[in-house]
Amino acid sequence: MKPSSDISRLLDIMAALRTPGTGCPWDLEQTFASITPYTIEEAYEVVDAIERGDLADLKEELGDLLLQVVFHARMAEEQGAFAFPDVVEAITKKLIRRHPHVFGDGKDLSPEEVKTLWDAIKREEKAERRAARESMGAPVEGHEAGFLGGIPSVLPALTRAQKLTAKAAKVGFDWPNPAQVIDKIHEELDEVKEAASSGSRDKIEDEIGDLLFAVTNLARHFDIDPETALRRTNAKFERRFRAIERALDQRNRSLEDASLDEMEELWVEAKAAERGAGSPS
């Protein structure tokens, strides 16, 4: 079997890997649940390639992510639920339906009008999905329940917090301006201090969660993705810590040999060097 740019070849390869008797033992034993971690990992690796500006790597990572879609679709086809063409049809139908200003009669809409229309269409789709699940005898209770339903619980916590507050804001449940959110953050930080003095791990965890939730809400008010902001800070921390290691190495010293004061001094130097090079703090 030769490589090809035709999607049908990828589907054929996946089918061969999942064919009992002649397929791959590892692929054959996989289930939706067992490959879910790989699906999530591949999505993050796509993001990583984008953030590094590595388009060659992005091509490879997008292929790995596409494989996950094909893998899930193949297992669903084996169960008689749906197949890859049904996945393609579903997304093309959704894109056409959600863009009547492009594919329909709703021309010359403003960005705000497009957003309002998008929300209305998604509400219709949610009702249709519920009706479809009922007709299939699938459980409906607990599936997308309530106004905040439909936000996957498996999302990264910061992303889900942002989506929860954004959705609640649509019905007016929100702080009017960022300054009030900042006040809330100070309030939550005081409660963390209070919980810390109690010595209760459960209370500390609860209050730190409230603090993180409030910070995520602040990020949303500034139209900043909290996951992206934190990844950026993680990269900055790693970069400056490596600078400390290099500086210590030049002094023939190890991290274990260095004092906290010495490492802090080198951290400040690394930070100053970045600022001098025009990098944000």
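Our subject is the structure that appears above.
Trainee: Would you mind showing me how to read the overall build of the chain here?
Mentor: Check the secondary structure of the chain and you find twelve helices and zero strands. N-terminal to C-terminal, the α/β element order of the chain is α-α-α-α-α-α-α-α-α-α-α-α. Relative to a compact globule of 281 residues, whose C-alpha radius of gyration would be 19 Å, the chain shows 25 Å and is clearly more extended. Each principal axis of the C-alpha atoms in the chain carries an extent, and together these give about 65 × 55 × 45 Å. Of all 281 residues assigned to the chain, the portion counted as buried reaches 23%. When contacts within the chain are restricted to residue pairs at least 6 apart in sequence, long-range pairs at least 24 apart make up 47% of them. Carbon and sulfur atoms form 58% of the exposed surface of the chain, whose accessible area is close to 19100 Å². Distance from the positive charge centre (38 side chains) to the negative charge centre (55 side chains) of the chain: 3 Å.

Trainee: Sorry if this is basic, but what is going on with the packing of aromatic side chains here?
Mentor: For any pair of aromatic rings, the description consists of the separation of the ring centres together with the inter-plane angle of the planes. One pass over the structure, following the stated rule, counts three aromatic pairs. An angle of 75° between the planes, with centres 5.9 Å apart, marks the rings of tryptophan 26 and tyrosine 38 as edge-to-face. Remark: tyrosine 38 occurs in helix α3 (residues 32–52) and tryptophan 26 occurs in helix α2 (residues 25–28); sequence separation between them is twelve residues. Take tryptophan 26: its relative accessible area is 39%, and that puts it in the partly exposed class. Taken together, the aromatic side chains of Phe237, Phe241 and Trp267 make up a single cluster linked through ring pairs.

Trainee: Any chance you could explain helix α10 (residues 201–221) here in plain terms?
Mentor: The α-helix advances 3.6 residues per turn, and as a result positions three or four apart in sequence lie on the same side. With 21 residues, α10 should reach 30 Å at 1.5 Å per residue; the first-to-last C-alpha distance of 30 Å fits that figure. Those residues of α10 not exposed but buried are Glu207, Leu211, Ala214, Thr216, Asn217, Leu218, Ala219 and Arg220. Phi turns positive, to about 60°, at aspartate 223, one or two residues after α10.

Trainee: What exactly am I supposed to notice about the nonpolar core here?
Mentor: Among soluble globular proteins, nonpolar side chains are generally buried collectively. The biggest cluster of nonpolar side chains holds seven residues, and these are Met14, Ile35, Val70, Phe71, Ala73, Met75 and Phe84. With four residues, helix α4 (residues 55–78) is the largest single contributor of residues to this core. In this structure, methionine 75 is in contact with Arg18, Gln30, Thr31, Phe32 and Ile35, ignoring residues within four places of it in sequence.

Trainee: Got a minute to help me understand the pattern of salt bridges in this structure?
Mentor: If the charged atoms of two oppositely charged side chains come close together, the side chains can form a pair. On inspection of all chains with the given rule, the structure shows 16 salt bridges. In this structure, glutamate 78 and arginine 18 form a salt bridge, with 2.6 Å as the shortest nitrogen-oxygen distance. Of this pair, glutamate 78 sits in helix α4 while arginine 18 sits in the loop between α1 (7–17) and α2, placing them 60 residues apart in sequence. Between arginine 97 and glutamate 124 there is a salt bridge; the shortest N-O distance is 3.1 Å. A residue pair is termed long-range when its members are at least 10 positions apart, and arginine 97 in helix α5 (residues 84–98) and glutamate 124 in helix α7 (residues 111–136) qualify at 27 residues. Residue arginine 97 is classed as partly exposed on the basis of its relative accessible area of 25%. Judged by its relative accessible area of 43%, glutamate 124 is partly exposed. Taken together, the salt bridges that share partners define one network made up of Arg18, Arg74, Glu77 and Glu78.

Trainee: When you look at unusual backbone geometry in this model, what are you seeing that I'm missing?
Mentor: Backbone geometry follows two general trends: most residues other than glycine have a negative phi, and most peptide bonds adopt the trans configuration. Positive phi is not limited to glycine here, since aspartate 223 has a value of about 60°. Mapped onto the elements, aspartate 223 comes out in the loop between α10 and α11 (226–250). Judged by relative accessible area, aspartate 223 falls into the exposed class, the value being 73%. Located in the positive-phi region is asparagine 252, a residue other than glycine, with phi close to 60°. Topologically, asparagine 252 is positioned in the loop between α11 and α12 (260–276).

Each value, and the rule that gives it
- Residues numbered from 1 in each chain as written.
- Predicted model: local features only at pLDDT ≥ 70, side-chain atom pairs only at ≥ 80, totals over all residues.
- Heavy atoms only, no water.
- Helix = DSSP H or I, 4+ residues; strand = E, 2+ residues; numbered from the N terminus.
- Rg over C-alpha atoms; globule rule 2.2 N^0.38 Å.
- Buried < 20%, exposed > 50% of the residue type's maximum accessible area, 1.4 Å probe, protein only.
- Contact = heavy atoms within 4.5 Å.
- Areas by Shrake-Rupley, 256 points an atom, 1.4 Å probe, with all protein chains shown as cover.
- Lys, Arg positive; Asp, Glu negative; His and termini not counted.
- Charge placed at Lys NZ, Arg CZ, Asp CG, Glu CD.
- Phe/Tyr/Trp six-rings, centres within 6.5 Å; stacked < 30°, edge-to-face > 60°.
- Expected span 1.5 Å × (residues − 1).
- Core = buried A, V, L, I, M, F, W, Y, C linked by side-chain atoms within 4.5 Å.
- Salt bridge = Lys/Arg side-chain N within 4 Å of Asp/Glu carboxyl O.

Everything listed is a geometric property; what it means functionally is a separate question.
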